[in-house]
Each structure stands twice: as structure tokens, then as C-alpha cells.
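Structural overview for review
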Amino acid sequence: MTVSDTTVNRPVKTVPMLSVRGLQKIYKVPGGEVEAVRDLTFDLAEGELVCLVGPSGSGKTTLLKCISGLMEQTSGTVELAGSKVTGPPKSMAVVFQEYGRSLFPWMTVRGNVELPLKNQKVPKAERTALVDAALKSVGLDHVPKSYPWQLSGGMQQRVAIARAVAYRPQVLLMDEPFAAVDAQTRADLEDLIRTIWKQLGVTILFVTHDIDESVYLGERVIVLSSSPTVVQEDLKIDLPAERDQLNTRALPRFMELRSHVYAEIQRAKLGPVTEQITAQRKAARK
Amino acid sequence: MSPLKRVAYFFGLPIVLIVLWWALSFGSTNFFVPKPFELAQTLWTTWIGERFFEDVLPSLGRLAVGLLFAIGLGIVLGLLIGSTRWLRNLLEPMLEFFRAIPPPVLVPLLMLLIGVNDSMKVAVIISGAIWPVLLNTVEGVRAVDSVLNDSCRSYGIRGFARIRYFVLPAVTPQIMAGVRQSLSIGLILMVISEMFASSSGLGFTIVQFQRNFAIPEMWSGIVVLGLIGLGLALIFQFVERRVLHWYHGLKEITHDS
């Protein structure tokens, strides 16, 4: 099989915050089926920040859509704090890659952040306080009356993060949120995520294709194989809790970890895939 | 653009055309083509006064009611049909059929069904003006952004809140494009509905003038219709700028980059 044996043994406290068991997703397409995700099993403990990294086309977005209840899996289960996810759960927020298409262009920054709370009937005073705090935490307290499209890409993604923060989710899912912003903004946003994670104690599952980003951000990195996806490795990141772009990235341990993940991904791209493709072709011929 | 320049652009061409008309009709004795000054006088004497209250206002009233119903119904039905897949599949071929029927032919039919009254005229206006709004709304609802839709779903924004905060604003650009077409269709049908069986209204009066060879009066009626159309366009612009300011801003920025 493709799962390596290097899986870190973590003491499981009680019920994991997020539990993915045997998740499989098969898309029905004209002329057959495509297995995007084969068999994924992993847990996130409460308050963990875990990065999912995998080669492009490894079904990362599919996986995240299944976890967030936006898409139904073919088999397997997703549990949030012990209860099964069948639709988008209330205590989960998602930040998408396409910031330009996830904010409402007809609402101001403030309106966007406030809407989920308004929808939940949070009282006005509490709402205002939450929105103010969220905007402040992402460094956008000076533009509440602007419209998202008047802001730069990085700032728009900050608005989306503020919206998630104000919502006070138990689990925050992020689907390659910084893939479409420039490198400098990206570094700032990475640090922002670490800061928010520490402040709020929220459980974060961060999907990325960027190896350095996954090692820099995560407390744990789950390496996915290429499609059809399985967990290739579950790696603990033993870097200091206080991280910064200059020093952390210069640490020998950072280099080791990133090289290790890089090698794993290369292996994922090459290894078992060819067998799987031949197997699939055989199956298709039947 | 400075306000002065805008005024100049607005009135520039009309003034040039009037001057041209005046020059060309200078010394003309054609009975069927009035001169500018003569027409302006006729416009004033014919339409200001009693006729304004007896013909113009009732026409405008029916137009307003008809358009409001057409737009309102078009939006509500469009949202409903657009967001319900089976309803859309069921109704779409039929909607195309009904839309293809030229509304003026409905006038005799509606006269029989409803009678010769205001309701019939309003019904004619609705039956023609509803289509652009309805079909544009359906199309718009179908094309709402998938990522925004996922955002709504993940934050549990459903049902009425979803319509109010997401679907309706997202579809407004298409709705407004439909409304723009509906306005002119409504004006046309207002006139036509009054030409058939009526004893008052703009359409009736204009036909009446024509039959009595009151040519300058007939022309002046056409000018009144033009002015009403212009008024509708101005109101539309005013509303559109307010409702869709975000859309124009967004478009400007995406075009720049």
C-alpha cells in the first residue's frame, strides 16, 4: 500500500475535533467514473493547526468540500466534535482560494463580515463588537466602509478571514487561501493565520500545495498522495511555537522538514500512481 | 465631465436637429409637416390643460401600474423559476412560446376576456413587459457565482436570507437590463391598447387627430410620447445608478487592471 509507516503516534485525548474516516469520493463523469479521493483517514485534535499538502490534482479541494459538508462523499464519514457531518455544519467556517468570488461585492467590508452573524440573529451590540474585533485582528479596522473590490487581493482575503473569525467557528477550513496573492502579502497572511490561531484557539485545517508554507504554518503536516488520494504521511512539525519568516525559515530543522516533505511529494507523484492508472484502465475496459 | 459640459451634450443634438428642421421647413407649405414653432405652440395648447388630466394622466397611470406589476411579477416569478430546477425545466419551453407571441395580438383577446376597461389595458402592458424581466431574472439566478453560493451554504445562509442578501443583489444587473427593455415595450403597449377600443388616452387621441386631419396636433402627441419615453429613461438611470453603484464600480476596476 502507499501509506508509509512514519505516522506520528499522538496521544488521542477524548473525541477529536475533526475526524475523517475512510473518506472516498468518486465523481461520475460521462463515460465512467473518476476516483478523486480513495481512502483518507486522519484526526484533528481540538486547537490543532494542521496543513494538508499534496501534489496538484491530488483532490485537496474535493476533500475540503466533503469535510465542509458542501459535497457528499461516496463513502466514509466526517465527524465534527463527535457528530456526523451531513451538510455544512454551523460551527465550521471555510475560507476559499477565490477571495474575489467569496465576498459579496454589493456589501461593504463591514457588511460582509457581519452577514453570517446577522443570519444567526446575533444581537446588534454583540455583532458590532465581534465585527470590530475581527476587523482589528486582521488589520482592516480602517476600511469598514469600503467595498471588497476597492481593496487589493491580499486585503480581500483578510476580509474573508475576518468574516470567518467573527463567526467564531470551532473549526476553520482554508482551501489554498493564499495561492492567488503575491509572495510578500502571502508571508504577512501566513503570520496572520498563526497569530489568529494562537489568539482564538480555533482548530484549523489548512490546505495548500506549497511545501514551505505547510511546514512554516503547521503543527502537523499531512502529505497526500496524488489522485486517487490516500494519506502518504502524517508528519509532526517540531519547530518552535513562535515562528517568524526570517528566522524560522533559516532553521536547519525547517530545511530538513521541508526537504522531507518535498521528497514525499516527489514520491507521491511517481510511485504507485502508474500502477493505479493501469488498474483504472483495466477497470475501465471491463 | 463638468455639469456644464453634460448639459451641453444633453441638449446639443436636439437643438441642432430643431434648427435643421426649422431651416428645411422654412417656406414649406407641406400640410403634413408642421414647422418647429407651430408645433411648439400646438404642443402647449393641445396638451396643457384639460387634456392633460383626461388623456395624459390616465395613460401614465395605466403605464405605471402595468410596469410595476410586470417588473414585480417578473422578479418574483423569475426568482422562483430560476431557483427551482424542475420548475425551470418544466416551464422554460412554454415561456419561450409565450414570449414569442407579439403582445398586440392579445388586445382583441383580452378585450373579450376582461372587457374594454383599464384592467384590460394594464393586462396588455403586463403581458408584454413582463418577459424581459422574467427571463433575465431566470437566467441570472441560474448563473449566480458558485463560490459565493458555497460561501452562503457554509455560513448557513438559506431560504429567505439567501434570496435577500445573495440571490437578489447578484441578479440585479440582469434584472435592470430587463427593466430597461420592459420600459419601452410598456410604452408601446400603452399606446396600442388605447388605439383599439378606447375613448381616452394618448393612443386614442393621436389616432383621433390623425383621422380628423389635425396634423400638427397629431405630431405634438408623438412628441409627448417621446417626452414620456425620455422621462422613463431618466428615472431608470437615476434608480440604476443607485441600485447598481457597486456593479459599475466593480466593472470599472476589473477593466482597469
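Here is what the cut-offs are and how they apply
- Residues numbered from 1 in each chain as written.
- Chains lettered and ligands numbered in written order.
- Predicted model: local features only at pLDDT ≥ 70, side-chain atom pairs only at ≥ 80, totals over all residues.
- Heavy atoms only, no water.
- Helix = DSSP H or I, 4+ residues; strand = E, 2+ residues; numbered from the N terminus.
- Buried < 20%, exposed > 50% of the residue type's maximum accessible area, 1.4 Å probe, protein only.
- Contact = heavy atoms within 4.5 Å.
- Areas by Shrake-Rupley, 256 points an atom, 1.4 Å probe, with all protein chains shown as cover.
- Disulfide = S-S within 2.5 Å.
- Pairing = 2+ DSSP bridges.
- Domains from an automatic or database assignment.
- Buried area = accessible area lost by both parts, 1.4 Å probe.
- Salt bridge = Lys/Arg side-chain N within 4 Å of Asp/Glu carboxyl O.
- Nonpolar A, V, L, I, M, F, W, Y, C, P; charged D, E, K, R; others polar.
- Right-handed = clockwise from strand over helix to strand, strands pointing away.

**Here we look at the overall build of chain A**
A count of helical and extended segments in chain A gives ten helices and ten strands. Counting over 286 residues, chain A shows a buried share of 54%. The contacts of chain A with a sequence gap of at least 6 include a subset with a gap of at least 24, amounting to 71%. When the accessible surface of chain A is totalled, it reaches about 12,800 Å², and 53% of it is carbon and sulfur.

**Side note on the state of the cysteines**
Residues and elements named next belong to chain A. Tallying each qualifying case throughout the model produces zero disulfides over all chains. Among the cysteines around cysteine 51, which has no disulfide bond, cysteine 66 carries the closest sulfur, lying 20 Å off. For cysteine 51, a relative accessible area of 0% translates into the label buried.

**Comments concerning unusual backbone geometry**
Most peptide bonds are trans, and most residues other than glycine sit at a negative phi. Here lysine 121 of chain A, not a glycine, exhibits a phi torsion of approximately 60°, which is positive. On the basis of relative accessible area, lysine 121 of chain A is assigned to the exposed category, the value being 70%. For phenylalanine 213 of chain B, which is not a glycine, the phi torsion comes out positive at approximately 55°. Position of phenylalanine 213 of chain B among the secondary structure elements: in the loop between helix H9 (202-211) and helix H10 (215-243).

**Quick look at the pairing of strand S10 (residues 229-236) of chain A**
Residue and element names in this part refer to chain A. With seven of its eight residues buried, S10 lies for the most part within the structure. By the bridge criterion, two bridges tie strand S2 (residues 32-44) to S10 in an arrangement that is parallel. Pairing of aspartate 39 across the sheet is with valine 230, part of S10. Inspection of the sheet shows strand S9 (residues 220-224) paired to S10 by five bridges, in the antiparallel sense. By the bridge assignment, arginine 220 is partnered in S10 with lysine 236.

**Details of the domain arrangement of chain B**
Residues and elements named next belong to chain B. Assigned domains within chain B: domain 1 (1-30) and domain 2 (35-256). Here domain 1 packs against domain 2, burying approximately 490 Å² in sum over the two surfaces, 76% of which is carbon and sulfur. Together, Phe10, Trp21 and Ser25 form the three largest contributors to the area buried by domain 1 at its contact with domain 2, with a combined 66%. Here domain 1 and domain 2 share zero salt bridges between them. Residues belonging to the side of domain 1 that touches domain 2 are distributed by class as follows: four nonpolar, three polar and one charged.

**So, the pairing of strand S8 (residues 203-208) of chain A**
Residue and element names in this part refer to chain A. In terms of burial, S8 is a largely internal element, six of the six residues being buried. Burial along S8 is two-sided: the face carrying Thr203, Leu205 and Val207 and the face carrying Ile204, Phe206 and Thr208 are both buried. For strand S3 (residues 49-53) and S8, the ladder comprises five bridges, and the chain directions are parallel. When the sheet's bridge partners are listed, cysteine 51 is paired in S8 with phenylalanine 206. Handedness of the crossover is the feature at issue here: the chain leaves strand S7 (residues 171-175), passes through helix H6 (residues 183-200), returns alongside S8, and the resulting connection is right-handed.

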